[in-house]
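# Structural features, examined
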Amino acid sequence: MLSWNRFAYSIKKAWGKQGLKVNRGVKHLALAVLSLIAFQCRGAPDEARGPAKSYTETVTTKSGEKVSFKMVLVPGGTFLMGSPEGEPGRKDDEGPQHKVRIDQFYLCTTETTIELFLAYYHETVSAKKDFTETEQAKKEAELVANDVDAATGPTPVYGDMTMGYGKTHPAIGMTWHNAMNFCEWLSKKTGRKYRLPTEAEWEYACRAGATNVFGFGNDPNQLAEFAWYKTNSDGETHEVGKKKTNAWGLYDMLGNVSEWVYDFYSPQAYKDAANTNPRGPTTGKVHVARGGDYTSPIEDMRCAARTFEEEGWRSGDPQIPKSKWWLPGMDFIGFRAAMSIDPNAVKPNDGQK
Amino acid sequence: MNEITRKKTSRREFLKNTGRIAATSALAAAVVPRIYAAENNTIKLALVGCGGRGNGAASNALSVKNGPIKLVALADVFENRVASSYKGLKDKHAAQFDVSEDRKFVGFDGYRKAMDCLNAGDVVILATPPAFRWVHFTYAIEKGINVFMEKPITVDGPSTRKFLKLAEESVKKDLKVGVGLMVRHCRGRQQLLDRIKSGEIGDIVMLRGYRMGGQAATTGPKPDNMSELLYQVQRFHSFLWASGGMYSDYYIHQIDECSWMKGAWPIEAHATGGRHYRGNNVDQNFDNYSVEYTYPDGTKLLYYGRNMSGCYSAFSSYAHGTKGSAVITTSSHTPGKVRTYKGHNMEKADLIWAFPQPEQSPYQLEWDDLIDAIRQNKPYNEAERGAIASLVSSMGRMAAHTGQIITYDQVLNCEQEFAPDVDKLTMSSPAPLQAGPDGKYPVPQPGILKQREY
């Protein structure tokens, strides 16, 4: 703990020297409250009147349970992606800062919950491979093939997917591929185009119009009001939506779990990025995760901080080849769903090989 | 030394026994010449059993950073398994990959050929289904080769009796033997044990373990293009002779870690279980098991296993003492996130201690420890405790499958040996288990078959 206090102190000192104001968060809190009021209108998006400010999606599982989540409209606009040189904790891959134009889209107000991810899992988990050679499996496969709602699903998880957390905690330990597959399932289930946000969309939504370090301001002392991170998490994830939202009504953009985004990771990604709706490198090995998580120190909690799948994320999987679907024991990685409005906007499987 | 009596074991005796085992090993080390300690020597590895876990173990072995180590041979009964290991491990560890075409072996005798590529003091990874463990271990001991073997290492009483003798021989030859109960190498669990032994939660009066998840270890009927024997080897979790079944394969870790924390092995088991949702699957497993293990001092380990999709899932173990409680496993094997509490509600306010995060992977640590012991020539032999962990797993399974209370001595001296001639199997052998006229394999019948599991 001592070293973290020392870090917090030094980071504060560094910001102090730059003369940044530490009370700006108060203003943003007021904005957040106003935004929340504005976002109370419900109902599905209606193209004729322009998209609704928000809507609630309700999924009925095959066993008849209903699970709901809320999507808010992220307005289109332009922002400066990346961090300025000299921002405390900055890494080289956060630059160069560049202007990016983002079309409007919807983003889930919370990280995907265990409850919703379990619904997906129970509906789609594949029969044991052993069974695929049998007559019954062929019949089952035909049934699945004729069912428009059916999506392919993950292999059975090793152990317990919830890792002991309750259903309103964020879903965890899925690979990027599994998160993408969830979005396809959700799309088939609802008729809407759910997908992962792109890295640019994610940062744009996290900043919510602000140009400061954390979106709510520059003062790390305020982080605990908005985020679960190393200092206040008690070493575990927390129920989604328990902290303050950012200015656009989004919970836990920083902290709790890191969130998969659509893009492949490259430290050079910003050098020649598209300036409108960028979707990252077309090839790569690992994907980007954003926002920091309950284990993260302050410097990884910045809007611009980037992380990506490291080899250690697979170390809880004792097998080779590693599971395409699961990152056993990795309870710090999750995601939230986005939804396209513009039919020409990025689709879940565009671009990447 | 291998017999467990009903005699009460105090903490002092626990410590004393641990010391005695260490002393025996140290003595053995003193009389046997050093075989393989020089750090400039390259350790050669052979992988016997090229499934996902075998590959994972080989990769962990090749990731040990204390001197040169390379993979020289692969063996499996399935050619496609050898091919996928070859590709996967070559891609990942190109610089340490030295498997030539003539050191890829397919067949039930592949283990001999693979070990023939090694010298005394090298390491063989035994990661086939457990049924073959004693066969392969016998040859490794004969050749003076150090061993890493996946758990479980025995499947029933008779194979355990064989194994305990082999374990003694391997100690006499000062072989270094690692058993894939990797939780024993988790630094957090090791510190938790120290804290329990120092009395932080008092004397342990109860342990609990849970392994509850979706459907698992099921198997459909044999496809036409495959021999009965190879089908059963490939679906080893489904057949008791090959693996000890899902019970042994899934539950051994937590039964072992709880007993480790307790400082004793259970002396009897009382269990229930049944098959509800197996459908047209033909495997021999139950869907659920509830087991009460009794330790020599009368305290219990309650173990709950369930494989039913849609039910509450859990993968955790706990110790309860006279002064407090401990989390031994939070969820899955790693990270353990072990911690201790005052009282038994395990609430944050009552936290005494928690192992700092993040943790190292125990799958890597078990290899770091083994290779270090080989290079430093330190006593290191987990074969006996691995065999006993496997036996007490069989004890609980047998209790559920027969519907009887089964003691340690009963399971150890049990007459039913699932596959006595497993050392003689060839590609054309009949399978150790035969299906009935309806195409189904025999399953346990608690209360009807009381001495045998099927």
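The structure we're discussing is the one just above.
In this report, the structure presented in the accompanying data block is examined. (Residues numbered from 1 in each chain as written. Chains lettered and ligands numbered in written order. Predicted model: local features only at pLDDT ≥ 70, side-chain atom pairs only at ≥ 80, totals over all residues. Heavy atoms only, no water.)

Secondary structure assignment for chain A yields seven helices and eleven strands. Within the span of chain A, comprising 353 residues, buried residues form 54% of the whole. Considering only residue pairs separated by 6 or more positions, chain A has 76% of its internal contacts joining residues 24 or more positions apart. Surface accessibility of chain A: about 15,600 Å² in total, with carbon and sulfur atoms responsible for 54%. (Helix = DSSP H or I, 4+ residues; strand = E, 2+ residues; numbered from the N terminus. Buried < 20%, exposed > 50% of the residue type's maximum accessible area, 1.4 Å probe, protein only. Contact = heavy atoms within 4.5 Å. Areas by Shrake-Rupley, 256 points an atom, 1.4 Å probe, with all protein chains shown as cover.)

This next bit is on the sheet that holds strand S8 (residues 287-290) of chain A. All names here are of chain A. If you walk across this open sheet you meet the four strands as S9-S8-S7-S10, and the pairing is mixed. What marks the edges here is a single partner per strand, and that holds for strand S9 (306-308) and strand S10 (333-334). Pairing of S8 with S9 involves three bridges; the strand directions are antiparallel. Pairing of Arg290 across the sheet is with Arg306, part of S9. In the packing of helix H5 (residues 176-190) onto the sheet, contacts are made with strand S7 (258-264) and S8, and the angle to S7 comes to roughly 90°. (Pairing = 2+ DSSP bridges. Axes fitted to C-alpha atoms, helices over the stretch in contact; angles between N-to-C directions.)

Residue and element names in this part refer to chain A. Packing of helix H3 (residues 114-124) against H5 leaves a shortest axis separation of 11 Å and a crossing angle of 85°. Regarding the angle of H3 to H5, the classification is roughly perpendicular. Taking contact as the criterion, the partners of Leu116, Phe117, Ala119, Tyr120, Glu123 and Thr124 in H3 are, on H5, Asn178, Asn181, Phe182, Trp185 and Lys189. Among the residues making up the contact of H3 with H5, the classes are represented as six nonpolar, three polar and two charged. (Parallel < 35°, antiparallel > 145°, perpendicular 65-115°, else oblique. Nonpolar A, V, L, I, M, F, W, Y, C, P; charged D, E, K, R; others polar.)

Right, let's talk about the side chain of Asn60 of chain B for a bit. Tracing the sequence through the fold places Asn60 of chain B in helix H2 (residues 52-62). For Asn60 of chain B, a relative accessible area of 14% gives the class buried.

It is worth spelling out the interface of chain A and chain B at this point. At the interface, 26 residues of chain A touch 30 residues of chain B. Among the residues of chain A in contact with chain B, Tyr158, Pro318 and Ile320 of chain A are the three that bury the most area, contributing 26% of the side total. Viewed at the interface, chain B and chain A are joined by three salt bridges. Where Lys348 of chain B meets Glu236 of chain A, a salt bridge forms, and the shortest distance between an N and an O atom there is 2.8 Å. Taken together, the residues of the side of chain A that touches chain B sort by class into seven nonpolar, eleven polar and eight charged. (Buried area = accessible area lost by both parts, 1.4 Å probe. Salt bridge = Lys/Arg side-chain N within 4 Å of Asp/Glu carboxyl O.)

With that out of the way, let us pick up the packing of aromatic side chains. The description of an aromatic ring pair uses the distance of the two centres, along with the angle that the planes make with each other. In this structure the tally under the stated criterion is 38 aromatic pairs over all chains. Above the face of the Trp134 of chain B ring, Lys162 of chain B is positioned so that its terminal group lies 3.8 Å from the ring centre. One Lys or Arg, Arg211 of chain B, reaches over the ring of Tyr158 of chain A and ends 5.2 Å from the middle of that ring. (Phe/Tyr/Trp six-rings, centres within 6.5 Å; stacked < 30°, edge-to-face > 60°. Lys NZ or Arg CZ within 6 Å of the ring centre and 35° of its normal.)

What follows covers the nonpolar core. Ranked by internal contacts, the top residues of the largest apolar core, which has 106 residues, are Val124, Phe137, Met149, Trp241 and Val422 of chain B. For this core, the element with the most residues is helix H12 (residues 383-402) of chain B, which contributes ten residues. Membership of the second largest hydrophobic core comes to 48 residues, among which are Ala119, Ile172, Cys183 and Leu327 of chain A. (Core = buried A, V, L, I, M, F, W, Y, C linked by side-chain atoms within 4.5 Å.)

Take it as geometry only, folks, not as evidence of what the structure does.
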